Amino acid sequence: MAPRTRFYEDSSDDDDCLEKLEQFASAPTDDVREVSDRLKADRERAMQKWNYFFKEKKQIDPDSVWLGLCHDDDQATVNCKVFLQWYVKKSGRWEVCLGPAESEWKREVTSAITVTEVWKRLVVEAHSTVLYRKRKEDRVNRRQWVLSFVEKGTGPVAEISRWIAGPLSRELDLITEQIFEKQQTTPEDIALFLDTLWTRSADIHLTASTRIAFHTYMLVAGIGGFRNGSILNLPYKQVRFALVREPDRPSHSKLVAHILIVQNKRRKGIRRAQDHKIEFSVTFAPGRTFCLLSFLVARALADNAFHAEYQTFEELLDRPLLERGIDYLPLPLKSDVLDRRIIPLGQEKLNAIWNRTVLVAGLRQSMKPYSLRVGAAGRLNGVLEPTLRNYILSHSSGVFHHSYQPRKFGGDLSLIAFGKFGGSGSDSGDAKLFETVSRRYPDKPLSQVRSQKLYRPQQALRLPSSGNIYRRPSNDHFPVRNANGSRWGIT
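The paragraphs below set out a description of the structure included in this document.

Conventions used here
Residues numbered from 1 in each chain as written. Predicted model: local features only at pLDDT ≥ 70, side-chain atom pairs only at ≥ 80, totals over all residues. Heavy atoms only, no water. Core = buried A, V, L, I, M, F, W, Y, C linked by side-chain atoms within 4.5 Å. Buried < 20%, exposed > 50% of the residue type's maximum accessible area, 1.4 Å probe, protein only. Helix = DSSP H or I, 4+ residues; strand = E, 2+ residues; numbered from the N terminus. Contact = heavy atoms within 4.5 Å. Pairing = 2+ DSSP bridges. Axes fitted to C-alpha atoms, helices over the stretch in contact; angles between N-to-C directions. Parallel < 35°, antiparallel > 145°, perpendicular 65-115°, else oblique. Left-handed = near helix turned anticlockwise from the far one by under 90°. Nonpolar A, V, L, I, M, F, W, Y, C, P; charged D, E, K, R; others polar. Salt bridge = Lys/Arg side-chain N within 4 Å of Asp/Glu carboxyl O.

**Brief notes about the nonpolar core**
Within soluble globular proteins, side chains that are nonpolar generally end up buried alongside one another. Ranked by internal contacts, the top residues of the largest apolar core, which has 70 residues, are Phe 193, Phe 214, Tyr 217, Met 218, Phe 241, Leu 255 and Phe 306. The leading source of residues in this core is helix 9 (residues 208-224), at eight residues. If near-sequence neighbours (up to four positions away) are discounted, Phe 214 is found in contact with Leu 197, Leu 345, Leu 350, Ile 353, Trp 354 and Thr 357. Listed in part, the 36 residues of the second largest apolar core include Ala 112, Val 118, Val 123 and Ile 160.

**A look at helix 14 (residues 370-380)**
Burial analysis of helix 14 places eight of its 11 residues in the buried class, the great majority of the element. Turning to helix 14, its buried residues are Ser 371, Leu 372, Arg 373, Val 374, Gly 375, Ala 376, Ala 377 and Leu 380. Where helix 14 is buried, its residues contact helix 8 (187-199), helix 9, helix 13 (347-361), helix 15 (386-393) and helix 16 (397-403). Taken from the residues just after helix 14, Gly 382 is the one with a positive phi, measuring 90°.

**Some remarks on the sheet that holds strand 6 (residues 328-331)**
Ordered by their spatial adjacency, four strands build an open sheet running 5-4-3-6, and the pairing between neighbours is antiparallel. Because the sheet does not close on itself, it has two edges, and the strands there are strand 5 (277-283) and strand 6. Strand-to-strand twist across the sheet, computed as the mean angle between neighbouring axes with direction ignored, equals 25°. Note: strand 4 (residues 253-262) against strand 5, seven bridges, orientation antiparallel. Across the sheet, Ile 259 pairs through a bridge with Phe 280, a residue of strand 5. Each of strand 3 (239-245), strand 4 and strand 5 is contacted by helix 11 (residues 292-302), which is oriented at about 85° to strand 4, the strand it contacts most.

**Remarks on the pairing of strand 1 (residues 92-96)**
The sheet contact formed by strand 1 and strand 2 (residues 103-107) spans five bridges and is antiparallel. Note that in strand 2 the partner of Arg 93 across the bridge is Lys 106. Adjacent in sequence and paired antiparallel, strand 1 and strand 2 are bridged by six residues, among which Gly 99 carries a positive phi angle near 140°.

**Structural notes on the environment of Lys 334**
Mapped onto the secondary structure, Lys 334 falls in the loop between strand 6 and helix 13. Lys 334 sits in the buried class, given a relative accessible area of 15%. Separated by 28 residues in sequence, Lys 334 and Phe 306 place their C-alpha atoms 5.8 Å apart. The contact partners of Lys 334, leaving out residues within four places of it in the chain, are Asn 304, Ala 305, Phe 306, His 307 and Glu 309.

**Considerations on the packing of helix 4 (residues 74-90) against helix 5 (residues 112-128)**
The contact between helix 4 and helix 5 brings their axes to 11 Å, and the two run at 130°. With respect to each other, helix 4 and helix 5 are oriented oblique. Helix-helix and strand crossings are classified by hand; for helix 4 and helix 5 the assignment is right-handed. Residues Cys 80, Phe 83, Leu 84, Tyr 87 and Val 88 of helix 4 touch helix 5, and the partners they reach there are Val 115, Val 118, Trp 119 and Leu 122. The residue makeup of the contact of helix 4 with helix 5, split by class, is nine nonpolar, no polar and no charged.

**Points about the pattern of salt bridges**
When charged atoms on two side chains of opposite charge get close, those side chains can pair. Summed over the entire model, instances satisfying the criterion amount to 12 salt bridges. Between Asp 303 and Arg 340 there is a salt bridge, and its shortest N-O distance comes to 3.7 Å. Residue Asp 303 is located in the loop between helix 11 and helix 12 (313-318), and its partner Arg 340 is located in the loop between strand 6 and helix 13; the two are separated by 37 residues in the primary sequence. Relative accessible area serves as the criterion here: at 39%, Arg 340 is assigned to the partly exposed category. One network of salt bridges, in which partners are shared, links Asp 42, Arg 45 and Arg 121.

Honestly, it's all geometry; don't read function into it.
Structure follows, in structure tokens:
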């Protein structure tokens with residue numbers, strides 16, 4: 001029920017109303033849904049190729065093809081097929097080869113799925129631009145100038161979609177299924193990659209800032225399986241630091257960070273729910289590799305982001321004291337850093353670091369960063385209710401069952417089927433057989449030189465300090481010890 005509102009008469013508002021009326025008349029509201037800048041750029045690039053082909057190669061008005069599709073014109077359908085065939089054949093590059101010829105043409109588009117995605121972007125972009133202008137011109141017949149992407153059903157768009165999956169794929173030998181193996185990363189895999197990132201730094205050339213950013217990305221992605229667009233664009237204003245009094249030990253406090261993830265790939269517009277946002281908290285972890293808080297604080301100290309001008313971990317842990325009666329003390333950040341990214345890493349650089357790390361780690365088979373999301377989804381499934389799992393991953397149960405099941409089953413089907421007659425009965429021992437870590441070359445492509453020096457994100461970023469820049473937190477902050485009595489996971 002809408003809230004009640006009181007209105008007051010004011011003659012001075014008449015001029016404002018007339019001015020607004022003129023503005024709305026000059027810029028009418030369109031019927032096109034807003035999309036992300038990235039998706040809009042992808043659609044525009046596809047349309048640029050479309051316009052180039054018909055203007056330069058065919059000497060045809062590109063817009064007339066879309067208008068013809070709305071009338072189910074056969075020649076317009078043929079023109080669309082000719083363009084998509086040209087797009088596949090011309091999408092490639094010359095590569096150096098061994099043999100009589102110095103180079104050969106290497107086609108890049110080899111999947112029918114890629115062609116279908118290009119066709120989808122073109123149809124949606126045409127509906128939002130060319131046909132949108134036509135709908136404004138021809139108000140009476142505006143319903144006629146509409147195209148929507150479909151792969152099944154009737155109409156020219158569906159006909160071309162079926163042609164891509166059938167005749168075009170057979171003619172150009174396009175693959176009609178996903179060409180990568182859907183894999184998941186386990187905690188052991190993440191530990192291997194991060195250990196390789198630091199101990200094999202001579203083989204993975206990165207600046208300290210980039211190395212910290214990649215490590216932080218992997219931890220956030222491994223925790224909740226969040227999409228890269230939500231992690232790489234994470235600004236300081238979505239991270240809050242605070243000191244919290246421990247309930248069981250009132251004389252002790254603990255540093256925590258609250259991280260707000262804003263899910264991407266969501267429709268823009270008025271939101272009547274908050275299911276596109278999720279906040280979770282972290283504190284110090286006993287193992288240095290998985291201590292997300294250490295890396296977040298290190299980045300904030302390096303950027304001089306704290307309002308109180310903390311320069312070292314010592315100041316951060318010792319200076320703010322919780323007075324009696326105060327159980328929670330926020331550690332505010334400077335206003336000029338709130339819009340800056342706390343994980344300064346782009347998608348292209350992320351892919352390059354990931355591929356290099358996987359290579360140096362010596363995996364027999366390459367993996368994609370997407371495997372972090374698949375692995376996190378598998379860990380959340382069964383532990384959390386489906387509703388909460390879907391909320392964290394920002395998708396539906398149907399999408400989870402359809403797209404987040406790795407090809408390799410992470411258990412022993414023989415043991416499940418036949419019990420002690422079908423397996424050794426040792427779940428912990430046999431689990432190693434199904435992990436990615438075990439599928440490594442015994443002699444890695446690059447010689448392994450392990451450094452025993454403890455890596456610390458604070459030292460890697462060269463934070464300013466009058467003395468020792470970092471000290472291990474006391475037992476109050478790290479009460480957990482390994483079996484051998486060491487802390488931080490150091491053996």
